[in-house]
Amino acid sequence: HIQDPASQRLTWNKPPKSVLVIKKIRDASLLQPFKELCVYLTEENNMIVYVEKKVLEDPAIANDENFGPVKKKFCTFREDYDDISNQIDFIICLGGDGTLLYASSLFQGSVPPVMAFHLGSLGFLTPFNFESFQSQVTQVIEGNAALVLRSRLKVKVVKEHREKTTVQNGIEENGLVSASLEKEVGKQIMQYQVLNEVVVDRGPSSYLSNVDVFLDGHLITTVQGDGVIVSTPTGSTAYAAAAGASMIHPNVPAIMITPICPHSLSFRPIVVPAGVELKIMLSPDARNTAWVSFDGRKRQEICYGDSISITTSCYPLPSICFRDPVSDWFESLAECLHWNVRKKQNNFAVEEEE
């Protein structure tokens, strides 16, 4: 029996009590929707609202006396310092697709259901409009909504330990905050959960990147070009689509490998089964190092002897649908990417017989 994607529904074992509200920062147009939503959640539904501390540091929020009583009820946190992964029942995002990617990065394990409102620029992953937010939020709290489980990538970066750094309270000597950092003898290991894609590129070098790609331990190809994109089906409509890849529905269990400007006419993007392990390393004869980023963040250099291991994560991101997984996806293709939009061909005029 093959499961119908539309049959995945959101059900609560018990009513949700805590909600994380993620707001795009430095966007004045979101201040009023943010305030209205928080008032509705705290006063109408008696929910515990978690907000990132830097959101409340906005002068327009900090200096609003009318919003003060609501703000005092908030629980605040700081990224990379406070772990709230076990305290959140569901998430509401206000902004564009970047807010959903940011929500994913906050949860390196299990992710609560995410409800995303389209208040940004593109909005491919944010199906809800804010005009009728009260009825829509109530519907989610009552547990009457469709879900799409967006698979994520589990990425492990192993670096040869080249210089001695001490980590105290999560901060390295250079002042950067360490993320999921583990130390081994001679090695440094970092792990990430990625919703869209892992991008390996040539960085500032003028030479082609030259990286080897292994699948389950077997060398499958060497990428010579600007780089390579390893993406989820969710990420297939992002950077991968711009690089010429096919667009894959998020319910399809797969990993995409897409070259960036390959110096080969026959290097086409490929799709491999979810669950395989990919490993990317610099080729022995590479002229320069490579750089890697994860959903556009945590960019870092990859040198000789370093490796990037990628496989499908056990922790998908449950995204709440506006209608259902199929309708929402094709609606986004049409509205955001203008997929297959063209002027209709005229039909033949029927000539009347004399």
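Only a predicted model underlies this, so the values are computations on that prediction, with no experimental measurement involved.

1. Some details on the environment of T42
Mapping T42 onto the fold places it in helix α1 (residues 31-44). Among the residues examined, T42 registers a relative accessible area of 5% and is labelled buried. Along the primary structure T42 and Q139 are separated by 97 residues, whereas in three dimensions their C-alpha atoms are 16 Å apart. If we ignore the near neighbours within four places in the chain, the residues touching T42 are M47, V49, V70, K73 and F74. Separated by 2.8 Å, the side chain of T42 and the backbone oxygen of C38 make a polar contact.

2. Section: the domain arrangement of the protein
Split by domain assignment, the protein resolves into domain 1 (9-151 + 316-337) and domain 2 (153-162 + 185-312). Inter-centroid distance (C-alpha atoms) of domain 1 to domain 2 is 30 Å. On the side of domain 2, 18 residues touch domain 1, which itself brings 21 residues to the contact. Taken together, the two surfaces of domain 1 and domain 2 that pack against each other cover about 1600 Å², and 57% of this comes from carbon and sulfur. Per-residue buried area on domain 1 facing domain 2 is highest for L101, S151 and W329; these three make up 37% of the total on that side. E79 serves as the salt-bridge partner of R297, at 2.9 Å between the closest nitrogen and oxygen. Our count for the domain 1 to domain 2 interface comes out at five residue pairs in polar contact (both at pLDDT 80 or more).

3. As for a nonpolar patch on the surface
Together, V326, F330 and W339 line one region of the surface with nonpolar side chains, adding up to about 280 Å² of accessible area. Summarising the element assignment, W339 is placed in the segment after α8 (325-336). Assessed through its relative accessible area of 43%, W339 is described here as partly exposed.

4. What about the confidence of the model for the protein?
When pLDDT is averaged along the protein, the result is 89, and 92% of the positions lie at 70 or above. Note on residues 173-177: pLDDT under 50 across the span, and eight contacts to partners over four residues away in sequence or across chains.

5. Some details on helix α6 (residues 133-141)
Residues lying three or four places apart along an α-helix face the same way, a consequence of the helix completing one turn every 3.6 residues. Taken together, the buried positions of α6 are occupied by F133, Q136, V137, V140 and I141. For α6, the buried positions fall inside an angular range of 140° around the axis, keeping them on one side. In the segment just after α6, G143 is the residue with positive phi, at about 85°.

6. A few points about the nonpolar core
The biggest cluster of nonpolar side chains holds 32 residues, and the ones touching the most others in it are F34, L37, L41, F74, I92, F117 and V137. The greatest single-element share of this core, amounting to six residues, is contributed by α1. Look past the residues within four positions of V137 in its chain and what remains in contact with it is L37, Y40, L41, I92, M115 and F117. By size, the runner-up hydrophobic cluster in this structure holds 29 residues, among which are V200, V228, V230 and L282.

7. Re the sheet that holds strand β14 (residues 227-231)
Read across the sheet, six strands follow the order β16-β15-β14-β11-β18-β19 without closing on themselves; strand pairing throughout is antiparallel. Of all the strands in the sheet, just β16 (270-273) and β19 (297-302) have a single pairing partner and so form its edges. Going from strand to strand, the sheet's axes swing by 20° on average, the running direction of each strand aside. Bridging between β14 and strand β15 (residues 254-260) involves five bridges; their strand directions are antiparallel.

8. Quick notes on unusual backbone geometry
One non-glycine residue with positive phi stands out, namely R26, at about 60°. Within the secondary structure, R26 is located in the loop between β2 (18-23) and α1. At N46, a position not held by glycine, the phi torsion is positive, near 55°. Take N46: it is sitting in the loop between α1 and β3 (48-52). For N46, a relative accessible area of 61% gives the class exposed.

9. Describing the pattern of salt bridges
All told, the structure shown has seven salt bridges when counted by the stated rule. Residue K35 pairs with D64 through a salt bridge whose shortest N-O separation is 2.6 Å. Taken together, the residues span a long stretch of sequence, with K35 in helix α1 and D64 in the loop between α3 (59-62) and α4 (68-71) at a distance of 29 residues.

10. Points about the pairing of strand β21 (residues 317-320)
Burial along β21 is two-sided: L317 and S319 facing one way and P318 and I320 facing the other are all buried. Examined bridge by bridge, strand β7 (residues 145-150) and β21 share four bridges and lie antiparallel to one another. The partner of R150 across the bridge, within β21, is L317.

11. Brief notes about the packing of aromatic side chains
Here the structure, examined in full by the defined rule, presents 12 aromatic pairs. The ring of Y81 carries the charged tip of R78 above its face, separated from the ring centre by 4.8 Å.

12. Structural notes on the packing of α1 against α6
What describes two packed helices is the angle between their axes and the distance between those same axes. Between α1 and α6, whose axes approach to 11 Å, the crossing angle comes to 45°. On the basis of the axis angle, α1 is oblique to α6. Like other packed secondary-structure pairs, α1 and α6 cross with a definite hand, here right-handed. On α6, the residues touching E36, L37, Y40 and L41 of α1 are F133, Q134, V137 and T138. Each residue belonging to the contact of α1 with α6 can be placed in one class, and the counts come to five nonpolar, two polar and one charged.

Quick notes on the rules
- Residues numbered from 1 in each chain as written.
- Predicted model: local features only at pLDDT ≥ 70, side-chain atom pairs only at ≥ 80, totals over all residues.
- Heavy atoms only, no water.
- Helix = DSSP H or I, 4+ residues; strand = E, 2+ residues; numbered from the N terminus.
- Buried < 20%, exposed > 50% of the residue type's maximum accessible area, 1.4 Å probe, protein only.
- Contact = heavy atoms within 4.5 Å.
- Polar contact = N/O pair within 3.5 Å; in protein donor to acceptor, adjacent residues only side chain to side chain.
- Domains from an automatic or database assignment.
- Buried area = accessible area lost by both parts, 1.4 Å probe.
- Salt bridge = Lys/Arg side-chain N within 4 Å of Asp/Glu carboxyl O.
- Patch = residues over 30% accessible without salt bridge, like charges linked within 9 Å, V, L, I, M, F, W, Y side chains within 5 Å.
- Areas by Shrake-Rupley, 256 points an atom, 1.4 Å probe, with all protein chains shown as cover.
- pLDDT = per-residue confidence, 0-100.
- Arc of directions from axis to C-beta.
- Core = buried A, V, L, I, M, F, W, Y, C linked by side-chain atoms within 4.5 Å.
- Pairing = 2+ DSSP bridges.
- Axes fitted to C-alpha atoms, helices over the stretch in contact; angles between N-to-C directions.
- Phe/Tyr/Trp six-rings, centres within 6.5 Å; stacked < 30°, edge-to-face > 60°.
- Lys NZ or Arg CZ within 6 Å of the ring centre and 35° of its normal.
- Parallel < 35°, antiparallel > 145°, perpendicular 65-115°, else oblique.
- Left-handed = near helix turned anticlockwise from the far one by under 90°.
- Nonpolar A, V, L, I, M, F, W, Y, C, P; charged D, E, K, R; others polar.

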